[in-house]
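Observations on the three-dimensional arrangement
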Protein chains: 2
Amino acid sequence: MAKAKGNLAIGQSGGPTVAINSSLCGVIQEALAHDEIGEIYGMFRGIQGLLSDQFIDLRRQSPDVIKGLRRTPSAALGTGRYKVTPRDHERILDVLKARNIRYVHYIGGNDSADTSLKLHKLAADAGYELHVIAVPKTVDNDLYGTDHCPGYPSAARFVATALRDTGRDTEAMGPASPVKILEIMGRNAGWLTAAAALAREEEGDPPHLVYVPERPVSVERLVDDVQRCYKEHEHVVIAMSEGAQEAPGKTLGEEYAPKEVDVFGHRMKGGVSDYVAALLRGRLGLKVRLDQPNYLQRSFMLCASPIDLEEAYRIGKKAVQEALTGRIEGMVTLTRDPGPEYHCSAGIASLEGIANREKKLPPGFMNEDGNWPTNAFLAYARPLLGEPWPPSSYVRLTKLFV
Amino acid sequence: MAKAKGNLAIGQSGGPTVAINSSLCGVIQEALAHDEIGEIYGMFRGIQGLLSDQFIDLRRQSPDVIKGLRRTPSAALGTGRYKVTPRDHERILDVLKARNIRYVHYIGGNDSADTSLKLHKLAADAGYELHVIAVPKTVDNDLYGTDHCPGYPSAARFVATALRDTGRDTEAMGPASPVKILEIMGRNAGWLTAAAALAREEEGDPPHLVYVPERPVSVERLVDDVQRCYKEHEHVVIAMSEGAQEAPGKTLGEEYAPKEVDVFGHRMKGGVSDYVAALLRGRLGLKVRLDQPNYLQRSFMLCASPIDLEEAYRIGKKAVQEALTGRIEGMVTLTRDPGPEYHCSAGIASLEGIANREKKLPPGFMNEDGNWPTNAFLAYARPLLGEPWPPSSYVRLTKLFV
């Protein structure tokens, strides 16, 4: 490694997904292919690993383990949610210099883009040559500058799969237990919730209603929606974002959220779905059931989108390539190519335009009533799930009564 | 159909699973093969379909649809939870006679076995020749007389898969968010919760603790267990039955269950997992997160056990065959053959010994401490998940710090 210009540090941050280890694999394999890169350090638990000088030696891992990362969910380096403060700046520079780290790749969402930008500025201000190329990752799909975020396609596939199956369950129960709410991640952005609509193959299939934070829906409107669907189908399946709102900035039922503390002094549980379930039971007298898969949405490898795993790998490699061309800051992006066949190209964008922003569902991706994604959204999201989708062909009996 | 001795009615009852349509397919295909059977009626929404004389014509369904039932989750005939009362007896007999129904197959769990037994007695008392052969189904696995219940293997596979993946997610979060509770179905029996232990491949893998209703655990013991695991691993993944107890007959934290009613007059949410989460936050000061996939456990087709789907199909056929041999009451059972290779044979048992009983996890299937299933349980449950299990090979980085 006599030619090595410097060492590389790679970290993972924020919530895990099924695809970020695939990005990690891309970074490592690409780094191994270039003599300009010396040591390959894995930050243990994100930026905290850098701050505490805890690095895993990635050169000494077996090639099979590196390869296996492409199909291992979660974050193999460990992750964290630490926010860098000015207090940490000196320490960061000390570690970077002591380790001769010249390349930093940070895999994460908005907060991680912000951390990457801070590292870049810190080094630039100190006159220390550092190439910081972030790698996007988030099931929320809320990063600017990229067609979509790796991690989102697989989470979307889990959500659509879960909705389809729990929808069949609810259909079978009929009027005996007619309302199902599937609670879906995304406190501020409805990308993942909207993906539930991909479960519908034929008119009348679940889901019947989809509510996202970007399109507030009044309590009256929500009750009317459910009542109408119940009359039509004798069961109602709702995809409900954990951040669904009744007015801009006002989460559904937030004034009814439990004010009591439990026996340990903590606020009692009660989110949007709990409120809506109570609302529908009270107003319509119907049994309402909840599925809250929570972290399964971002970790369920069996629902990984093949496209997602491949793209995540590709952008990991691209991040290293960009750093080696001399770029000193940026985030790898995906740009959808024109044409009927789905294909995305990897590009690069400045972190300045990405960090500390949030990309929400555009208005054209939800219908006027705010209860169903438009065809434009479906056309956007459908190819991301990859093939085979739907994963199998379900049947229904024809209702030939005798 | 000149030779037909009578018509057949088939129904599905209780909670759906991924495998009961496979049993339905077995019944229909077998019935189609025998001239003694005339019409094939599907009860619409269980026994209520019989009471309301609402039957779907199963002879007129397309063969592709019948075949497709083998890989369609939920209950294609619709299901219900209606309990037959003496008031209904006359009506039931009237419908059976008017339709010349001589064969009844009811697919379900304990309640359905009870309903089947009632139908048998009713017909016997009235001197009406009726063959009632029940088909077992329940993710709770709590029926007597059978090695296991169709539906359980697939739900167990979902639970083990979910635990494995959400366990990796928790491992990656480490001390930042170290405790995960996966809430698992089974209010009285711990079969499904115990299956979470199948996710562990190596010592130290999640889950770290498994709590079932049959083995009460004191609050102090539970807190100690979690603290010990946290010290050892920096994260703790718990498989928690929704019916876990702190003393025989006393659900964990039931005295703390919310007494308040919400704005609609309903009891506020708060089950075992909510209580334990609050307990651990309060006593250990650790972040605790919950996954509550609820009905996904019984409907997630992607996790179907191939063995389960095959056995469910086989017992459907067997039910018809038994009825045609002249048997007038019974439930089809599965008996595990001796030998190192897993194989179950379909048999038959009297409903008298099955209905209104509940088969719980035997003492030898949980360890002394009541927090981990024994090897005997693992040996029992492991083959039911079928191959390929685990569904893929995950890797871990070696912690070579530099």
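As the structure is a prediction and not an experimental result, all values here were calculated from the model.

**With respect to the environment of T251 of chain B**
Residue and element names in this part refer to chain B. Tracing the backbone shows T251 in strand 10 (residues 250-251). Considered as a pair, T251 and P362 are 111 residues apart in the sequence and their alpha carbons are 19 Å apart. Not counting the four nearest positions on each side in its chain, T251 is found in contact with A244, Q245, E246 and V272.

**Here's the deal with the interface of chain B and chain A**
Facing 84 residues of chain B, the contacting portion of chain A comprises 83 residues. On the surface where chain B and chain A come into contact, there are 4 salt bridges. A salt bridge links R45 of chain A to E234 of chain B, with the shortest nitrogen-to-oxygen separation between them at 3.0 Å. At the boundary of chain B with chain A, the tally comes to 25 residue pairs in polar contact (both at pLDDT 80 or more). Per-element accounting of the side of chain B that touches chain A gives the leading share, 9 residues, to helix 6 (residues 152-173) of chain B. By residue class, the composition of the side of chain B that touches chain A is 41 nonpolar, 19 polar and 24 charged.

**Points about the side chain of D88 of chain A**
Residue and element names in this part refer to chain A. As for its placement among the helices and strands, D88 is situated in the loop between helix 3 (63-68) and helix 4 (89-98). Summary of buried charges: D88 has no salt-bridge partner, and the nearest side chain of opposite charge, R87, is 4.9 Å away. Beyond its immediate stretch of four places on either side in the chain, D88 contacts L51, Y82 and K83.

**Considering the pairing of strand 2 (residues 37-43) of chain A**
Residue and element names in this part refer to chain A. For strand 2, the tally of buried residues reaches 6 of 7 residues, placing the bulk of the element in the interior. After leaving strand 1 (residues 6-12), the chain enters helix 1 (residues 20-32) and then returns to the sheet as strand 2, a path that is right-handed. Note: strand 2 against strand 3 (residues 55-57), 3 bridges, orientation antiparallel. Bridging from a neighbouring strand, Y41 pairs with D57 of strand 3.

**Observations regarding the nonpolar core**
Y152 and F377 of chain A together with Y152 and F377 of chain B are the most contacted members of the largest nonpolar core, which totals 80 residues. The contact partners of Y152 of chain A, leaving out residues within four places of it in the chain, are T138, V139, N141, W191, L192, A195, D308, F377, Y380, A381 and L384 of chain A.

**Details of the packing of aromatic side chains**
Residues and elements named next belong to chain A. Following the criterion strictly, the structure yields 19 aromatic pairs over all chains and no others. Here F158 and F300 contribute two aromatic rings whose centre-to-centre distance is 5.2 Å and whose plane-to-plane angle is 50°, an arrangement assigned as tilted. Taken together, the residues F158 in helix 6 (residues 152-173) and F300 in the loop between helix 10 (296-299) and helix 11 (306-324) connect sequence positions 142 residues apart. No difference in accessibility class separates F158 from F300, as the two residues are buried.

**Some remarks on the side chain of R157 of chain B**
Note that R157 of chain B resides in helix 6. Residues contacting R157 of chain B, with those up to four places away along its chain left out, are C303, A304, S305, P306, L385, G386, E387, P388 and W389 of chain B.

**Brief notes about the state of the cysteines**
Residue and element names in this part refer to chain A. Per the counting criterion, the structure on display carries 0 disulfides over all chains. Among the cysteines around C344, which has no disulfide bond, C149 carries the closest sulfur, lying 11 Å off. Given a relative accessible area of 1%, C344 falls into the buried group.

**So, the domain arrangement of chain A**
Residue and element names in this part refer to chain A. Along its sequence, chain A is organised into domain 1 (6-151 + 302-353) and domain 2 (164-301 + 370-385). Computed over C-alpha atoms, the centres of domain 1 and domain 2 are 34 Å apart. With 22 residues of domain 1 at the interface, the matching set in domain 2 holds 14 residues. For the pair domain 1 and domain 2, the two sides together bury roughly 1600 Å², of which 59% comes from carbon and sulfur. Remark: the boundary between domain 1 and domain 2 carries 0 salt bridges. Classifying every residue of the side of domain 1 that touches domain 2 by side-chain character gives 10 nonpolar, 6 polar and 6 charged.

**Things to note about the relation of the copies chain B and chain A**
Aligned on chain A, chain B shows an RMSD of 0.0 Å; the corresponding rotation is 180° and the shift along the axis is 0.0 Å. The two molecules are tied by a two-fold rotation axis, judged by turn and shift. The C-alpha atom lying nearest the rotation axis in chain B is that of P293 of chain B; the distance is 2.1 Å. Interface overlap between copies is the fraction of interface residues in one copy that are interface residues in the other; for chain B against chain A it reaches 99%, indicating a shared surface.

**Observations concerning the pairing of strand 1 (residues 6-12) of chain B**
Residue and element names in this part refer to chain B. Among the 7 residues that make up strand 1, 7 are buried, leaving the element largely enclosed by the rest of the structure. Of the pairings in the sheet, the one linking strand 1 to strand 2 (residues 37-43) comprises 4 bridges and is parallel in character. Residue pairing in the sheet places A9 in a bridge with Y41 of strand 2. Here 6 bridges tie strand 1 to strand 4 (residues 101-108), and the two strands are oriented parallel to one another.

**Focus: unusual backbone geometry**
A cis amide bond links P206 of chain A to the next residue, P207 of chain A, at an omega of -5°. With respect to the helices, strands and loops of the structure, P207 of chain A is situated in the loop between helix 7 (191-194) and strand 7 (209-211). A cis geometry characterises the amide bond from W389 of chain B onward to P390 of chain B, with omega recorded as -5°. Along the chain, P390 of chain B falls in the segment after helix 12 (375-381). Its identity as a non-glycine residue notwithstanding, N141 of chain A has a phi of 60°, on the positive side. Here N141 of chain A is to be found in the loop between strand 5 (131-136) and helix 6. Unlike most non-glycine residues, N100 of chain B shows phi in positive territory, near 50°. Summarising the element assignment, N100 of chain B is placed in the loop between helix 4 (89-98) and strand 4.

Conventions adopted
Residues numbered from 1 in each chain as written. Chains lettered and ligands numbered in written order. Predicted model: local features only at pLDDT ≥ 70, side-chain atom pairs only at ≥ 80, totals over all residues. Heavy atoms only, no water. Helix = DSSP H or I, 4+ residues; strand = E, 2+ residues; numbered from the N terminus. Contact = heavy atoms within 4.5 Å. Salt bridge = Lys/Arg side-chain N within 4 Å of Asp/Glu carboxyl O. Polar contact = N/O pair within 3.5 Å; in protein donor to acceptor, adjacent residues only side chain to side chain. Nonpolar A, V, L, I, M, F, W, Y, C, P; charged D, E, K, R; others polar. Buried < 20%, exposed > 50% of the residue type's maximum accessible area, 1.4 Å probe, protein only. Lys, Arg positive; Asp, Glu negative; His and termini not counted. Right-handed = clockwise from strand over helix to strand, strands pointing away. Pairing = 2+ DSSP bridges. Core = buried A, V, L, I, M, F, W, Y, C linked by side-chain atoms within 4.5 Å. Phe/Tyr/Trp six-rings, centres within 6.5 Å; stacked < 30°, edge-to-face > 60°. Disulfide = S-S within 2.5 Å. Domains from an automatic or database assignment. Buried area = accessible area lost by both parts, 1.4 Å probe. Least-squares fit on C-alpha atoms with pLDDT ≥ 70 in both.

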